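# Per-entry structural report
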Amino acid sequence: MHVHVNAATSVDGKLSTHRREQVAISGDEDFARVDRLRAEVDAVAVGVGTVLADDPSLVRHDESHREAERGDLPPPARVVVDSRGRTPLDASILDGGPTTYLLAADALSTERERALSGAGATVLRTGGASDSDRVDIEAGLSALADHGVERLLVEGGGELIFSLFDAGLVDRLTLYVGSMVVGGRDAPTLADGAGFVEGFPALSLAGVEQVDDGVLLRYDVP
Ligand SMILES: NC(=O)c1ccc[n+]([C@@H]2O[C@H](COP(=O)([O-])OP(=O)(O)OC[C@H]3O[C@@H](n4cnc5c(N)ncnc54)[C@H](O)[C@@H]3O)[C@@H](O)[C@H]2O)c1
Ligand SMILES: Nc1nc(=O)c(N)c(NC[C@H](O)[C@H](O)[C@H](O)COP(=O)(O)O)[nH]1
């Protein structure tokens, strides 16, 4: 599977505020670019932290070029990495649109699984260590591949992005750096998790471009 991570940070590397409330870092042009990225993939993924903070729908906003961009392909599916099924039953991502996969760990109760399935989610239990509430991300991606997902766009947040780097599963990163300072030692950053102390993932810079009043950085991950 090809995994493309896309996110937007402030110049000081923050994804949002220390209150974990969504901040529009991207401008119109960058949000339109993200919309076009969604047309290139089979599914768009976020962690449940992002669902709880931002309530995204992860659908394409501008379908006017859909024929040219996707041909006969169905609209991209949505994916939430959600160990215990904390996605609210009335979340926008369960709006009855394209398929929404929930990658869950063993910690998900059968009662909650039933409720989420009833609300329209396709729950994929992908294990995870019993002493951890984390989804085994490699098993999760392989379950998605079994459902035909060959190209995945990951839009955040910092916990999920760290796990993907940690597992060596990122193929491409596009990072929009907006011209603002957010600050806050507890504000989420591009890659949170436990952090690396060695074996830092090395990226290969593939492009730099001004977009809106910020900078778009493109990296390949060898
Ligand atoms: N600026 C941007 O581009 C952007 C994009 C997305 C999110 N955000 C912001 O990021 C914040 C949310 O990010 P976050 O880091 O708190 O949450 P996240 O979206 O990365 O979700 C993390 C949660 O997913 C679950 N999870 C299960 N298995 C996991 C695994 N193997 N690895 C990681 N997580 C796993 C856990 O419950 C974990 O707490 C919000 O404030 C949101 O506004 C910003
Ligand atoms: N590219 C980008 N720039 C930002 O400034 C910002 N705040 C996000 N945040 C990611 C957000 O949490 C969601 O993942 C979706 O990008 C929004 O989803 P909708 O289109 O509303 O469904 N993403």
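Look above for the structure.
Residues numbered from 1 in each chain as written. Chains lettered and ligands numbered in written order. Predicted model: local features only at pLDDT ≥ 70, side-chain atom pairs only at ≥ 80, totals over all residues. Heavy atoms only, no water.

Our next topic: the layout of surface pockets. Of the volumes computed, that of the largest pocket is approximately 1,300 Å³. As for the largest pocket, its lining consists of 48 residues, and the residues nearest its centre are Val46, Thr50, Glu155, Gly156 and Gly157. Among the elements of the structure, β1 (2-9), α1 (28-39), β2 (43-47), α2 (48-54) and α6 (158-166) are those that each provide at least two residues to the lining of the largest pocket. The class makeup of the residues in the lining of the largest pocket is 20 nonpolar, 14 polar and 14 charged. Volume-wise, the second largest pocket comes out at about 150 Å³. Lining the second largest pocket are His4, Arg33, Arg36, Leu37, Glu40, Arg172, Thr174, Ala206, Arg218, Tyr219 and Asp220. In terms of residue class, the lining of the second largest pocket is made up of three nonpolar, two polar and six charged. (1 Å grid on protein atoms, 1.4 Å probe; cavity = no way out; pocket = protein on both sides within 12 Å on 5 of 7 lines; lining within 4 Å. Points joined across faces, edges and corners; volume = space filled by probe spheres on them. Helix = DSSP H or I, 4+ residues; strand = E, 2+ residues; numbered from the N terminus. Nonpolar A, V, L, I, M, F, W, Y, C, P; charged D, E, K, R; others polar.)

Read across the open sheet, the nine strands follow the order β5-β4-β3-β2-β6-β1-β7-β9-β8; overall the sheet is mixed. The open sheet is flanked by β5 (121-125) and β8 (204-211), the only strands paired with a single partner. In this sheet, neighbouring strand axes are inclined to one another by 20 degrees on average, regardless of whether the strands run parallel or antiparallel. Pairing of strand β4 (residues 100-104) with β5, which is carried by five bridges, proceeds in the parallel orientation. Its bridge partner lying in β5, Tyr101 is registered against Thr122. Contacts from helix α4 (residues 110-118) reach β4 and β5 within the one sheet, and its direction differs from that of β5 by about 145 degrees. Each of β1, β3 (77-81), β4, β5 and β6 (151-154) touches helix α5 (residues 137-146); the most contacted strand, β4, lies at about 150 degrees to it. (Pairing = 2+ DSSP bridges. Axes fitted to C-alpha atoms, helices over the stretch in contact; angles between N-to-C directions. Contact = heavy atoms within 4.5 Å.)

Another point: the site of ligand 2. Near ligand 2 there are 18 residues, and of these Ile25, Ser26, Asp54, Ser57 and His61 occur at the shortest range. With respect to ligand 2, the side chain of Arg38 contributes an N or O atom lying 3.3 Å from an oxygen atom. Look at ligand 2: alone it shows 530 Å² of surface, and the protein chains cover 86% of it. Spatially, ligand 2 is embedded in the largest pocket. At the level of secondary structure, the elements contributing two or more residues to the shell around ligand 2 comprise β1, α1 and α2. Here the residues of the shell around ligand 2 are counted per class, giving nine nonpolar, six polar and three charged. (Near = heavy atom within 4 Å. Polar contact = N/O pair within 3.5 Å; in protein donor to acceptor, adjacent residues only side chain to side chain. Areas by Shrake-Rupley, 256 points an atom, 1.4 Å probe, with all protein chains shown as cover. Sits in = over half its atoms within 2 Å of the grid points.)

The next thing to look at is the side chain of Asp192. Considering the arrangement of structural elements, one finds Asp192 in the loop between β7 (172-177) and β8. No salt bridge is formed by the buried Asp192, whose closest oppositely charged neighbour, Arg20, lies at an N-O distance of 4.3 Å. For Asp192, the side chain forms a polar contact with the side chain of Thr189, separated by 2.5 Å. (Buried < 20%, exposed > 50% of the residue type's maximum accessible area, 1.4 Å probe, protein only. Lys, Arg positive; Asp, Glu negative; His and termini not counted. Salt bridge = Lys/Arg side-chain N within 4 Å of Asp/Glu carboxyl O.)

The final tally for this structure, using the stated rule, is one cavity of 30 Å³ or more. A volume near 40 Å³ is recorded for the largest cavity. Lining the largest cavity are Ala45, Val81, Leu103, Leu141, Leu144, Leu152, Val154, Leu160 and Leu164.

Attention now moves to the site of ligand 1. Around ligand 1 sit 25 residues, and of these Ala8, Ser16, Thr50, Asp54 and Ser163 come closest. Measuring from an oxygen atom of ligand 1, one finds a side-chain N or O atom of Thr50 at 2.6 Å. One of the side-chain nitrogen or oxygen atoms of Ser163 is found 2.5 Å away from a nitrogen atom of ligand 1. Summarising the interface, the protein chains cover 91% of the accessible area of ligand 1, which totals 860 Å² for the free molecule. A majority-of-atoms criterion places ligand 1 in the largest pocket. For the shell around ligand 1, the secondary-structure elements that each account for two or more residues are β1, α2 and α6.

Everything listed here is a matter of coordinates, which is why it stays silent on function.
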